[in-house]
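# Coordinate analysis (summary)
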Amino acid sequence: EMNHIIDMQYERLRKLDEQKNSFINIAGHDLKHLVGSIIMSNNMLKDEQENLTPDQKEFVGYIGQSADKIQYMLSKLMDVREIESSEIQFNMEVFDINAEVLHVYRGLLETAQMKNIALVDNILKLPLNVKLDRVFTGQIFQNLLSNIIKFSQTNNSINVVTSLQRQRFVFEIIDGGIAIGEDELDMMFNKLKDLNDASGHVESRLGLGLSIAKLMIQEMGGELSYRSDENGNYFRVEFNVIN
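What you are looking at is a predicted structure, and each value in this text was computed from that prediction instead of being measured.

### Thoughts on the pairing of strand β5 (residues 168-175)
Judged by how many residues are buried, β5 sits mostly within the fold: seven of eight residues are covered. Taken together, the eight bridges between strand β4 (residues 157-165) and β5 define a ladder with antiparallel strand orientation. Counted as the bridge partner of leucine 164 is phenylalanine 169 from β5. What sits between the antiparallel neighbours β4 and β5 is a turn of two residues, in which arginine 166 has the positive phi angle 50 degrees. Both β5 and strand β7 (residues 232-240) contribute to a ladder of eight bridges, which runs antiparallel. Paired with isoleucine 174 across the strands is tyrosine 234, a residue of β7.

### Points about the nonpolar core
With 43 residues, the main nonpolar core has Ile97, Ile140, Leu144, Phe169, Phe171 and Phe239 as its most contacted residues. Of all the secondary-structure elements, those providing two or more residues to this core are α4 (97-114), β3 (129-133), α5 (134-151), β4, β5, α6 (182-189), α8 (209-219) and β7. With eight residues, the top contributor of residues to this core is α5. Residues in contact with phenylalanine 169, not counting those within four places in the same chain, are Ile97, Asn98, Val101, Leu128, Phe141, Thr162, Ser163, Val237, Glu238, Phe239 and Val241.

### Considerations on the sheet that holds β7
Spatially, β2-β4-β5-β7-β6 is the arrangement adopted by the five strands of the open sheet, whose pairing is mixed. Each edge of the open sheet is held by one strand with a lone partner, namely β2 (118-122) and β6 (223-229). Between one strand and the next, the sheet's axes are offset by a mean angle of 15 degrees, whatever the strand orientation. Strands β2, β4, β5 and β7 of the sheet are contacted by α4, whose axis makes an angle of about 165 degrees with β2.

### With respect to α5
A rise of 1.5 Å per residue sets the reference length of α5, with its 18 residues, at 26 Å; its end C-alpha atoms lie 26 Å apart and thus fit the reference within 8%. α5 sits mainly inside the fold: 14 of its 18 residues count as buried.

Cut-off values and rules
Residues numbered from 1 in each chain as written. Predicted model: local features only at pLDDT ≥ 70, side-chain atom pairs only at ≥ 80, totals over all residues. Heavy atoms only, no water. Buried < 20%, exposed > 50% of the residue type's maximum accessible area, 1.4 Å probe, protein only. Helix = DSSP H or I, 4+ residues; strand = E, 2+ residues; numbered from the N terminus. Pairing = 2+ DSSP bridges. Core = buried A, V, L, I, M, F, W, Y, C linked by side-chain atoms within 4.5 Å. Contact = heavy atoms within 4.5 Å. Axes fitted to C-alpha atoms, helices over the stretch in contact; angles between N-to-C directions. Expected span 1.5 Å × (residues − 1).

Here it is, written out as structure tokens:
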């Protein structure tokens, strides 16, 4: 009886530890994205050096140093191997997935504008209900779209499309810019797996965002496809819709 209680407690602690690792990795990725935004904005201020007072120049220096330190600490703290081994605990609920896409789209408009990228809204103005984890679903769209914006060249336009096809919700990103490359995308979407195998793996251009998105889509029973060729870059996510 005593051994049974100890086993149950151990199992509970193991599950908690896995959840904690999973949360740390996902939160850590978000923090990396936010710090990246701070560094980008700060670099834009640095470009205006001639218009800054000596005090302002000093503050810009402090912000840069602090942001670099945070970025370094985050990369050290995030042991990415934990993501694949952890069982993510989902909080499934019914919600309108188009509203979630619109929320992410609006949140990234300013980031796109900073690079003179036009985000085109072709999001279905019709509620489509799904039963998924709302937070993780928002995170999938956030990771995909923010990474595409980050990679895309200036003066480009990116089309964000949602539709209902054969009782499936379909989310598409259509980027007519320079191709990222099919091999590069394969590498980025499988980065978590590769990091488990490779010791001296060189950091790819887009970090872990796409790899985390792929993991979450699969865990929630969705489908992901993508292609990159002379027509540009295309990403597609599908989830079942509730009738």
